[in-house]
Amino acid sequence: LDERLQFRLNLVLEEYINNLISYGYSDQLPHQITVELEQQEDVIRVCVTDDGNPFDLTKVSENTEIEKPLEERKIGGLGIHFIRTLATDVMYNSENGINKMTITFKAKDLDL
């Protein structure tokens, strides 16, 4: 993969999975997170499934703090911004206690 695409992919996965582990579970029981990567020509598709609390980041309002100077911003919200900005498409589905986040990267859409 192109280094710039690798960077985007790594940052998005790090943000999403870190937030999932930090905020997605309200108990101390074992849980499972599955990450699947698929490449078809210039398209990379990442599918993350988990059994955490449902959270549809596609429905969350854009963080208005991003435009403020760093010292005036509230902590948090940048992960969702990074995911939305760095990916071509983000889709979410939750069914029968399983959440599925599909994040697509198309090289031609990412100025690579």
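Above: the structure in question.
Presented here is a report on the structure given in the accompanying data block. (Residues numbered from 1 in each chain as written. Predicted model: local features only at pLDDT ≥ 70, side-chain atom pairs only at ≥ 80, totals over all residues. Heavy atoms only, no water.)

## Observations regarding the overall build of the protein
Here is step 1 of the chain: A count of helices and strands for the protein gives two helices and four strands.
Here is step 2 of the chain: Starting at the N terminus, the α and β elements of the protein follow one another as α-β-β-α-β-β.
Here is step 3 of the chain: Among the 112 residues that make up the protein, the fraction classed as buried is 31%.
Here is step 4 of the chain: Long-range contacts, defined as pairs at least 24 residues apart, comprise 58% of the intrachain contacts of the protein with a sequence gap of at least 6.
Here is step 5 of the chain: With the model as given, the accessible surface of the protein reaches about 7700 Å², and the carbon-plus-sulfur share is 50%. (Helix = DSSP H or I, 4+ residues; strand = E, 2+ residues; numbered from the N terminus. Buried < 20%, exposed > 50% of the residue type's maximum accessible area, 1.4 Å probe, protein only. Contact = heavy atoms within 4.5 Å. Areas by Shrake-Rupley, 256 points an atom, 1.4 Å probe, with all protein chains shown as cover.)

## Here's the deal with the sheet that holds strand β2 (residues 43–50)
Here is step 1 of the chain: Across the sheet, which stays open at both edges, the four strands sit in the order β1-β2-β4-β3 with antiparallel pairing between neighbours. Since the sheet does not close on itself, it has two edges, and those belong to β1 (33–40) and β3 (89–95), each with one partner. On average, each strand axis in the sheet is inclined to that of its neighbour by 15°, with strand direction left out of account.
Here is step 2 of the chain: Judged from the eight bridges that link them, β1 and β2 form a sheet pairing that is antiparallel. Residue pairing for β2: isoleucine 33 is matched across the bridge by aspartate 50.
Here is step 3 of the chain: Of the strands in this sheet, β1, β2 and β4 (98–106) touch helix α1 (residues 3–23), which is tilted by about 10° from β2. (Pairing = 2+ DSSP bridges. Axes fitted to C-alpha atoms, helices over the stretch in contact; angles between N-to-C directions.)

## Some words on the packing of α1 against helix α2 (residues 78–86)
Helix packing geometry: the angle between the two helix axes and the distance between the axes.
Here is step 1 of the chain: Viewed as axis vectors pointing N to C, α1 and α2 meet at an angle of 145°, and their least axial separation amounts to 9 Å. Relative to α2, the crossing made by α1 is left-handed. Contacts between α1 and α2 pair Arg8, Leu11, Val12, Glu15, Tyr16 and Asn19 from the former with Gly79, Phe82, Ile83, Thr85 and Leu86 from the latter.
Here is step 2 of the chain: Tallied by class, the residues present in the contact of α1 with α2 amount to six nonpolar, three polar and two charged. (Left-handed = near helix turned anticlockwise from the far one by under 90°. Nonpolar A, V, L, I, M, F, W, Y, C, P; charged D, E, K, R; others polar.)

From the geometry alone we can't say anything about function, so treat these as descriptive.
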